[in-house]
Amino acid sequence: MNQDNRHSVSVAGVILDEQGRALLIQRRDNGHWEAPGGILERDEDIKTGLCREVLEETGLTVEPEALTGVYKNMTHGIVALVFRCRTLRGTLTETDETRSFHWATAKEVASLASEAFAIRVLDAMRQSNHPAVRQHDGVHLIGPTTA
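None of these values were measured; they are calculated from a predicted model.

Parameters and conventions
What you see as residue numbers is a count from 1 along each chain, following the sequence as written. The model is predicted, so local features are restricted to residues of pLDDT at least 70 and side-chain atom pairs to those at 80 or more, both for listing and for counting; the totals for chains, interfaces and linings are taken over all residues. Note that the side-chain values use all heavy atoms of the structure and ignore hydrogens as well as water. Each salt bridge in this description consists of a side-chain nitrogen of Lys or Arg and a carboxyl oxygen of Asp or Glu lying within 4 Å of one another. Using a 1.4 Å probe on the protein chains alone, a residue whose accessible area is under 20% of its type maximum counts as buried, one over 50% counts as exposed, and one in between counts as partly exposed. The helix count covers DSSP runs of H or I at least four residues long, the strand count covers runs of E at least two residues long, and both are numbered beginning at the N terminus. The sign given to each residue is positive for Lys and Arg and negative for Asp and Glu; His and the chain ends receive no count. Only heavy atoms matter for contacts: two residues are in contact if any of them lie within 4.5 Å across the pair. Both cavities and pockets are sets of points on a 1 Å grid over the protein atoms alone; in a cavity a 1.4 Å probe fits but cannot get out, in a pocket the set is open with protein on both sides within 12 Å along at least five of seven lines, and lining residues sit with an atom within 4 Å of a point. Grid points are joined across faces, edges and corners, and a volume is the space filled by probe spheres set on the points. Ten residues, namely Ala, Val, Leu, Ile, Met, Phe, Trp, Tyr, Cys and Pro, are considered nonpolar, four, namely Asp, Glu, Lys and Arg, are considered charged, and the remaining ones, Gly among them, are considered polar. Strands were regarded as paired on the criterion that DSSP finds at least two bridges between them. Note on definitions: angles span 0 to 180 degrees between N-to-C directions of axes, and those axes are lines fitted to C-alpha atoms, for helices only across the stretch in contact. We define the nonpolar core as a collection of buried residues of types Ala, Val, Leu, Ile, Met, Phe, Trp, Tyr and Cys that are connected through side-chain atoms lying within 4.5 Å of one another.

Caption draft 1: Seen up close, the pattern of salt bridges. By the definition in use, this model includes 12 salt bridges. Notably, a salt bridge pairs arginine 27 with glutamate 34, separated by 3.6 Å at the nearest N-O pair. Taking relative accessible area as the criterion, arginine 27 reaches 26% and is therefore assigned partly exposed. The closest approach of N and O atoms between arginine 52 and glutamate 56, which form a salt bridge, is 3.3 Å. Pair noted here: arginine 52 and glutamate 56 are both in helix α1 (residues 46-58), with a separation of 4 residues, about one helical turn. By relative accessible area, which is 35% here, glutamate 56 ends up partly exposed. Overlapping salt bridges bring together Glu41, Glu44, Arg52, Glu53 and Glu56 as one network.

Caption draft 2: Spatial organisation of the side chain of glutamate 57. With respect to the helices and strands, the residue glutamate 57 is situated in helix α1. Salt bridges are absent for the buried glutamate 57, whose nearest opposite-charge side chain, arginine 27, sits at 5.9 Å. Apart from residues no more than four positions distant in its own chain, glutamate 57 is found in contact with Ile25, Pro36, Gly37, Thr93, Thr95, Glu97, Thr98 and Phe101.

Caption draft 3: Seen up close, the layout of surface pockets. Estimated volume of the largest pocket: approximately 560 Å³. Elements with a minimum of two residues in the lining of the largest pocket: β1 (8-15), β2 (22-27), β4 (37-39), β6 (78-90) and α3 (115-125). Here the residues of the lining of the largest pocket are counted per class, giving 10 nonpolar, 10 polar and 8 charged.

Caption draft 4: Representation of the sheet that holds β6 within the structure. Judged by pairing direction, the sheet is mixed, and its 6 strands sit side by side in the order β4-β1-β6-β5-β8-β9 without closing on themselves. Looking at the sheet topology across the chains shown, the edges are occupied by β4 and β9 (141-146). Between one strand axis and the next, the sheet turns through 25 degrees on average, direction left out of account. The pairing of strand β5 (residues 60-73) with β6 spans 12 bridges and is classified as antiparallel.

Caption draft 5: Structural detail: the nonpolar core. Ranked by internal contacts, the top residues of the largest apolar core, which has 18 residues, are Val14, Leu24, Tyr71, Val109 and Val121. When contributions to this core are tallied by element, the ones reaching two or more residues are β1, β2, β6 and α3. In terms of residue count, the dominant contributor to this core is α3 (5 residues). Setting aside chain neighbours within four positions, we find valine 109 in contact with Leu24, Ala104, Ala118, Val121, Leu122 and Met125. Among the nonpolar cores identified, the runner-up in size contains 14 residues, and Leu50, Val54, Leu81 and Cys85 belong to it.

By themselves, these figures tell us nothing about what the structure is for.
Structure, rendered in structure tokens:
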């Protein structure tokens, strides 16, 4: 298979608090607000990778509760699996990857994050029984979607 035809897989965890707000992290590398997550290692399973990425970026140990969406960055060939998670233990801790944290309402999510990343969090906040399937260009949603 041609290297240019390969995809990478990322995972993200949307953690909700008792008020229904979602935890956003501010990335150190670009200042963007997003749900914690990252690229899966080739040899790790999805749940292990999700929990590792969230722990590395937040200091929280989480348990995934539901797959809330599948998102493809059409520009970079990245498929993202997003899960609603609950916190098991830990304390929010800034890291080499994370500059700041914010517990955001749906309205705040839409204003802080780019459309392509805000929709992931908003889909998780909806508490739907069906995962959303969406495409984007890294910033904006494109094409047909199912929610």
